[in-house]
Amino acid sequence: MTTTIARRGTKRPPVPGTPVAMNGAALVAHAMRQVRPDVVAAYPITPQTVITETFSEFVANGRVHTEFVPVESEHAAMSACIGAACAGARVQTATSGPGLALMWEVLGIASGLRLPIVMHLCTRALSAPIDILCDHSDAMAMRETGWVMLVGENVQEAYDNAIMAVKIAEDPRVSLPVANLLDGFVVTHCMERAELLPDDAVTEFVGEYSPTHPLLDLQHPVTVGALDFHDYYMEHRRQQEEGMANAKQAVEHAAREFASLFGRSYGLLDTYQLEDAEVAMVVIGSAAGTLRMVVDGLRREGVRAGLLRVRCLRPFPSQEVANALKGVQRIGVLDRSLALGAAGEPLWSDVVAALATHGAGHPVTGWVYGVGGRNTPPGQFRQAFLALLDPATQPGRAGYLGLRERR
Amino acid sequence: MEPKVWQEMPPGGIILEAGSSRGVETGSWRVSRPVVDWPRCVHCMICWAFCPDSAFLVQEMKLVDVDLDHCKGCGICAVECPRQCIAMATETDVAAAA
């Protein structure tokens, strides 16, 4: 199985990077500069602003020759991206929480027109009450819009995903927009040691984009966005699902190529101590770092604990998740958002469906943590692990970590 | 023509054939139509340039007719005509007169 962080003793890769101390947003802006998009249309919103600011500085200083469109809203940002992508451009944007919500109408147009736009999504809670801090409510609300969704854990992975996302989106068998999720503030604003790859190596890795049917190809004129109706819409939807199915291989293919050049290897999933685990948590995003520490502590006490981090949220790797959890007796899922009124939280629902379809149908218990940026210390994750070991704990919604409530 | 299966359709709903709307009557839901007072028309081509559906037909640099298969009756031509020789008539009135 794959690991996220280059371990000590890893062989020096063919193309070594330069160590930098940088926050995730700034490093993602560097990735944008290195993949050289033709057009970037973006609107600043906390905590994404650093990406737009940093990238627009690169444009102003002539470090990248991108047409930067400072738009009046996120709806306009995604619309401008769609127009540019239809014309045949390599296009990127970035947003957060309410900005993503304002884009919602056009998110489906980007995917429906099969445009390989890459969007860096700095996850943020949705209003009201107003909150600028991290949770996954924004991302979970976009799951059905037809975007491939990669979820990074730390600064390095946000940068690496930003580069691989271009290759995945532009793979002609996929031809879908890709969202690169990084946790707001936790990853966007925290400075970490990371490796910045050489400009030319990244440019070469993503290659030249050759669009299939660009509007600017005057020798082969096409109509984009025509009326579909009941006689064709269903078939076009089915085509999108095929692109999604192909995206799974494209994610793995891009990761293999990335690993062979740059030394860091990724997969659809990232597992930790899962091989012999009797109890395991499933999670996405930056909380995985804390959870590894909790797993280590439990292992020292003789509890066979493990962790499964899902890197590719859409397409959801159902078969792979079920295989990874095959031997685990007690499974917990940690969601950083609420699915109000639903059968269960978003990640929990996907895991339960995956196990019911491909697995042994072990009970799956779900917890909500970190909503609205609430800090979750290791002790709370540890309590969830211990609750999983308790035979009295029922499958389904177990509750909330770190919620103040009357007992 | 038998509609295509999903595997054979171009992706994203794009249409690869140029000018395919020639084969589709896009003006069928029109409520009113332009009626041109041809003797007063000076063939300035302003209606032709403004028409969003290319519904003004031209032969030898002269406007000759309105393509009612594609005119959707928006009325832009009637507003823009500098000679004010285009009037909009409702389809109900046209049908009653016929």
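All values derive from a computational prediction rather than experimental measurement.

Quick word on the overall build of chain B
Part 1 of the reasoning: The helix and strand inventory of chain B stands at 3 helices and 4 strands.
Part 2 of the reasoning: Helices and strands appear in chain B in the N-to-C order β-α-β-β-α-β-α.
Part 3 of the reasoning: For 98 residues, the compact-globule estimate of 2.2 N^0.38 gives 13 Å, and chain B exceeds it by more than 25% at 17 Å.
Part 4 of the reasoning: If one aligns the C-alpha atoms of chain B with their principal axes, the spans along those axes are about 55 × 35 × 20 Å.
Part 5 of the reasoning: When the 98 residues of chain B are sorted by exposure, 14% land in the buried category.
Part 6 of the reasoning: Once local pairs closer than 6 in sequence are excluded, the contacts in chain B between residues at least 24 apart make up 69%.

Topic: the overall build of chain A
Part 1 of the reasoning: Within chain A, the secondary structure is distributed over 12 helices and 15 strands.
Part 2 of the reasoning: For a compact globule of 407 residues, the expected C-alpha radius of gyration is about 22 Å, and chain A comes in at 21 Å, within 12% of that figure.
Part 3 of the reasoning: Within chain A, the proportion of its 407 residues that are buried is 51%.
Part 4 of the reasoning: Sequence-distant contacts, at least 24 apart, represent 80% of the contacts inside chain A between residues at least 6 apart.

Considering the interface of chain B and chain A
Part 1 of the reasoning: Contact residues are listed per partner, giving 12 residues for chain B and 16 residues for chain A.
Part 2 of the reasoning: By residue class, the composition of the side of chain B that touches chain A is 9 nonpolar, 3 polar and no charged.

Examining the domain arrangement of chain A
Residue and element names in this part refer to chain A.
Part 1 of the reasoning: Looking at the assigned domains, one finds that chain A contains domain 1 (18-262) and domain 2 (269-400).
Part 2 of the reasoning: Taking the mean C-alpha position of each, domain 1 and domain 2 sit 28 Å from one another.
Part 3 of the reasoning: In this assembly, 25 residues from domain 1 lie in contact with 20 residues from domain 2.
Part 4 of the reasoning: Of all the secondary structure elements, the ones that give two or more residues to the side of domain 1 that touches domain 2 are helix H5 (137-141), strand S6 (148-151) and helix H8 (233-262).
Part 5 of the reasoning: Here the element with the most residues in the side of domain 1 that touches domain 2 is H8; it accounts for 5 residues.
Part 6 of the reasoning: Counted by class, the side of domain 1 that touches domain 2 contains 16 nonpolar, 3 polar and 6 charged residues.

Digging into helix H7 (residues 199-206) of chain A
Residues and elements named next belong to chain A.
Part 1 of the reasoning: Among the residues of H7, Val202, Phe205 and Val206 are the ones counted as buried. Seen end-on, H7 carries its buried residues on one side only, within an arc spanning 90 degrees. Facing away from the buried side of H7 by over 90 degrees, the exposed positions are Asp200 and Glu204.
Part 2 of the reasoning: On its buried face, H7 is in contact with helix H1 (24-35), helix H6 (155-170) and H8.
Part 3 of the reasoning: Gly207 occupies a position one or two residues after H7 and carries a positive phi of about 70 degrees.

Details of the pairing of strand S4 (residues 91-95) of chain A
All names here are of chain A.
Part 1 of the reasoning: For S4, a buried count of 5 out of 5 residues is recorded, marking the element as mostly surrounded by other parts of the structure.
Part 2 of the reasoning: Residues Val91, Thr93 and Thr95 of S4 are buried on one face, and the alternating residues Gln92 and Ala94, pointing to the opposite face, are buried as well.
Part 3 of the reasoning: Where strand S2 (residues 39-42) and S4 come together, 2 bridges link them in parallel fashion. Across the sheet, residue Val39 finds its bridge partner in S4, namely Val91.
Part 4 of the reasoning: Handedness of the crossover is the feature at issue here: the chain leaves S4, passes through helix H4 (residues 97-112), returns alongside strand S5 (residues 118-123), and the resulting connection is right-handed.

Brief notes about the packing of H6(A) against H8(A)
The geometry of a pair of packed helices is captured by two quantities: the angle between their axes and the separation between those axes.
All names here are of chain A.
Part 1 of the reasoning: The geometry of H6 relative to H8 is characterised by a closest axis approach of 9 Å and an angle of 125 degrees between their N-to-C directions. Taken together, the axes of H6 and H8 lie oblique to each other. When you trace H6 past H8, the crossing you get is right-handed. Residue-level contacts link Asp160, Met164, Lys167 and Ile168 of H6 to Ala247, Ala250, Val251, Ala254, Ala255 and Phe258 of H8.
Part 2 of the reasoning: Taken together, the residues that form the contact of H6 with H8 break down as 8 nonpolar, no polar and 2 charged.

Comments concerning the nonpolar core
Part 1 of the reasoning: Counting 131 residues, the largest nonpolar core has Val28(A), Cys81(A), Ile168(A) and Ala280(A) as the members making the most contacts within it.
Part 2 of the reasoning: A total of 10 residues in this core trace back to one element, the largest contributor, which is H6(A).
Part 3 of the reasoning: Both domains that furnish three or more residues to this core are identified here as domain 1 (18-262) and domain 2 (269-400) of chain A.
Part 4 of the reasoning: Those residues in contact with Cys81(A) that lie beyond four places of it in its chain are Ala41(A), Val91(A), Thr93(A), Ala110(A) and Ile117(A).
Part 5 of the reasoning: Ranked by size, the runner-up nonpolar core spans 9 residues in total, among them Ala55(B), Val66(B), Cys77(B) and Cys81(B).

So, the sheet that holds strand S15 (residues 396-400) of chain A
Residues and elements named next belong to chain A.
Part 1 of the reasoning: Pairing in this open sheet of 6 strands is mixed, and the strands run S9-S11-S10-S13-S14-S15 from one edge to the other. Sheet topology places strand S9 (269-272) and S15 at the edges, where each strand pairs with a single neighbour. The average undirected angle you get between the axes of adjacent strands in this sheet is 20 degrees.
Part 2 of the reasoning: Summarising the sheet, strand S10 (residues 279-283) and strand S11 (residues 305-310) pair through 5 bridges and their orientation is parallel. Bridge pairing in S11 links Val279 to Ala305.
Part 3 of the reasoning: Packed on one face of the sheet, helix H9 (residues 287-300) meets S9, S10, S11 and strand S13 (330-335) and runs near 165 degrees to S11.

A closer look at the sheet that holds strand S7 (residues 178-183) of chain A
Consider a sheet: its strands pair through backbone hydrogen bonds, and that pairing is either parallel or antiparallel.
All names here are of chain A.
Part 1 of the reasoning: The mixed open sheet is built from 7 strands, whose spatial order is S3-S2-S4-S5-S7-S6-S12. Since the sheet does not close on itself, it has two edges, and those belong to strand S3 (67-70) and strand S12 (312-314), each with one partner. With direction set aside, neighbouring strand axes in the sheet form an average angle of 20 degrees.
Part 2 of the reasoning: For S5 and S7, the ladder comprises 6 bridges, and the chain directions are parallel. From the neighbouring strand, Thr123 faces S7, where its bridge partner is Asp183.
Part 3 of the reasoning: Across the sheet, H6 is in contact with S5, S6 and S7; its angle to S7 comes to roughly 170 degrees.

Focus on the pairing of S5(A)
Residues and elements named next belong to chain A.
Part 1 of the reasoning: The element S5 is extensively covered by neighbouring structure, given that 6 of its 6 residues are classed as buried.
Part 2 of the reasoning: Residue alternation in S5 divides its side chains into two sets, Val118, His120 and Cys122 and Met119, Leu121 and Thr123, and both sets are buried.
Part 3 of the reasoning: Pairing between S4 and S5: 4 bridges, direction parallel. Residue pairing for S5: Ala94 is matched across the bridge by His120.

Scoring rules and cut-offs
- Residues numbered from 1 in each chain as written.
- Chains lettered and ligands numbered in written order.
- Predicted model: local features only at pLDDT ≥ 70, side-chain atom pairs only at ≥ 80, totals over all residues.
- Helix = DSSP H or I, 4+ residues; strand = E, 2+ residues; numbered from the N terminus.
- Rg over C-alpha atoms; globule rule 2.2 N^0.38 Å.
- Buried ≥ 20, exposed ≤ 12 C-beta atoms within 10 Å, placed from the backbone.
- Contact = placed C-beta atoms within 7 Å.
- Nonpolar A, V, L, I, M, F, W, Y, C, P; charged D, E, K, R; others polar.
- Domains from an automatic or database assignment.
- Arc of directions from axis to C-beta.
- Pairing = 2+ DSSP bridges.
- Right-handed = clockwise from strand over helix to strand, strands pointing away.
- Axes fitted to C-alpha atoms, helices over the stretch in contact; angles between N-to-C directions.
- Parallel < 35°, antiparallel > 145°, perpendicular 65-115°, else oblique.
- Left-handed = near helix turned anticlockwise from the far one by under 90°.
- Core = buried A, V, L, I, M, F, W, Y, C linked by C-beta atoms within 7 Å.

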